[in-house]
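One letter stands for each residue in the lines below.
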Amino acid sequence: MEGTDPVNKKLAAALSGGAVLVAALSGCSSSSGGDKGPDPKLVAWAKSVCDAVPAQDAKIKAANAAISTTAADTAKPETLQKTDSQAFQDMADGYKAIATAVSNAGAPPGVQDGAKRLQDVVKSFDGLSASYAGLKKQVDALNTKDQAKFASGLHDIAVQMTDLEKQHKSGTDALEKLQQGDVKNAIAQQASCKKVAATASSSSSPSAG
């Protein structure tokens, strides 16, 4: 009978893409555009987006850490269920909050196809939020009294988490399309996004960011 420990480690590994996705919103660094900076309206837009990111980034990272911690322990099914359920809820809330912040900011001023690019990002983050909310419901419904059934149910969730990598990838792609030219420069100027970029680069693998 397969225990829950190796399955939860699969869950933790599958979750790692989430932190990378949020870090993509930080823009990493600005490309040099000469002495003339981005349009002040664009800078204001970037600030309204970036200021919402650190708190949600921290929430998503904490959810990753919680699942990783229980994966490292030989936790009881009840503990795993409670931890994973809360983590999925936090991730659903975090992605939803970022989607709302981006949507409320509106299309970046002076950007061709800005409205469509923005909607693609909102759609991606809303989709991720819904997916994690769905996983929370599945975790909550697992039978903790039957070790075998619980491990099997957790395994099914881990498989679905792997499929979520495609959603993370599409979200990252949408962000990269939104952050081109002056948009990227405006975002890179924001202290709140710089903070996210700094924590991402210090905690991620050398291949990331």
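Structure: above.
Position numbers for residues count from 1 along each chain, tracking the sequence in the order it is written. Whole-chain, interface and lining totals are the exception, using all residues; otherwise, since this is a predicted model, local features are given only for residues with pLDDT of at least 70 and side-chain atom pairs are given and counted only at 80 or more. Side-chain figures throughout are based on the complete set of non-hydrogen atoms in the structure, without hydrogens or water.

K.L.:
Would you explain the packing of aromatic side chains in this entry?
P.N.:
To describe a pair of aromatic rings, you give the distance between the ring centres and the angle between the ring planes. The pairing test for Phe, Tyr and Trp rings, Trp by its six-membered ring, is centres within 6.5 Å, and the orientation test on the planes gives stacked under 30 degrees, edge-to-face over 60, and tilted for anything in between. One pass over the structure, following the stated rule, counts 3 aromatic pairs. Ring plane angle 15° and centroid distance 5.6 Å describe the contact between Tyr 95 and Tyr 132, whose orientation is recorded as stacked. Placement of Tyr 95 in helix H4 (residues 77-105) and of Tyr 132 in helix H5 (residues 114-140) is noted, with a sequence separation of 37 residues between them. A 1.4 Å probe rolled over the protein chains alone gives each residue an accessible area, and that area as a share of the maximum for its type sets the label: buried under 20%, exposed over 50%, partly exposed in between. With a relative accessible area of 0%, Tyr 95 lands in the buried category. Residue classification places Tyr 132 among the buried residues on the basis of a relative accessible area of 0%. Going along the chain from the N terminus, every DSSP run of H or I of four or more residues is numbered as a helix, and every run of E of two or more is numbered as a strand.

K.L.:
Is there a simple way to think about the state of the cysteines in this case?
P.N.:
In a disulfide, the sulfur atoms of two cysteines are covalently bonded to one another. Working definition: a disulfide is two cysteine sulfur atoms within 2.5 Å of each other. Taken as a whole and assessed by the stated rule, the structure comprises 1 disulfide. Two residues, Cys 50 and Cys 193, share a disulfide whose sulfurs are 2.1 Å apart. Sign of the S-S torsion, about -95° for the bond between Cys 50 and Cys 193, identifies this disulfide as left-handed. In this pair, Cys 50 is assigned in helix H2 (residues 40-50) and Cys 193 in helix H8 (residues 191-203), connecting sequence segments 143 residues apart. The same class applies to Cys 50 as to Cys 193, namely buried.

K.L.:
Would you mind going over the packing of H4 against helix H6 (residues 147-178) with me for this structure?
P.N.:
Axis definition: a line fitted to C-alpha atoms, over the contacting stretch in the case of helices. Angles run 0 to 180 degrees between N-to-C directions. For the pair H4 and H6, interaxial distance at closest approach is 12 Å and the crossing angle is 20°. With respect to H6, the axis of H4 lies roughly parallel. Along this stretch, H4 crosses H6, giving a crossing that reads as left-handed. Packed against H4, whose contacting residues are Pro 77, Leu 80, Gln 81, Asp 84, Phe 88 and Tyr 95, the element H6 presents Gln 147, Phe 150, Leu 154, Ile 157, Met 161 and His 168 at the interface. Between 65 and 115 degrees an angle is taken as roughly perpendicular, under 35 as roughly parallel, over 145 as roughly antiparallel, and anywhere else as oblique. Working rule for handedness: look at the near helix, and if it is turned counterclockwise from the far one by less than a right angle, call the crossing left-handed; if clockwise, right-handed. Working rule for contacts: check all heavy atoms of both residues, and any pair within 4.5 Å makes them a contact.

K.L.:
Help me out: how do you make sense of the nonpolar core in this one?
P.N.:
Taken as a class, soluble globular proteins show a tendency for nonpolar side chains to be buried jointly. Buried residues of nine kinds, namely Ala, Val, Leu, Ile, Met, Phe, Trp, Tyr and Cys, make up a nonpolar core once their side-chain atoms join them within 4.5 Å. Within the largest apolar cluster, 39 residues are counted, with the highest numbers of intra-cluster contacts made by Trp 45, Phe 88 and Tyr 132. Within the residue set of this core, elements represented by two or more residues are H2, helix H3 (53-72), H4, H5, H6 and helix H7 (182-188). Top contributing element to this core by residue count: H4, with 9 residues.

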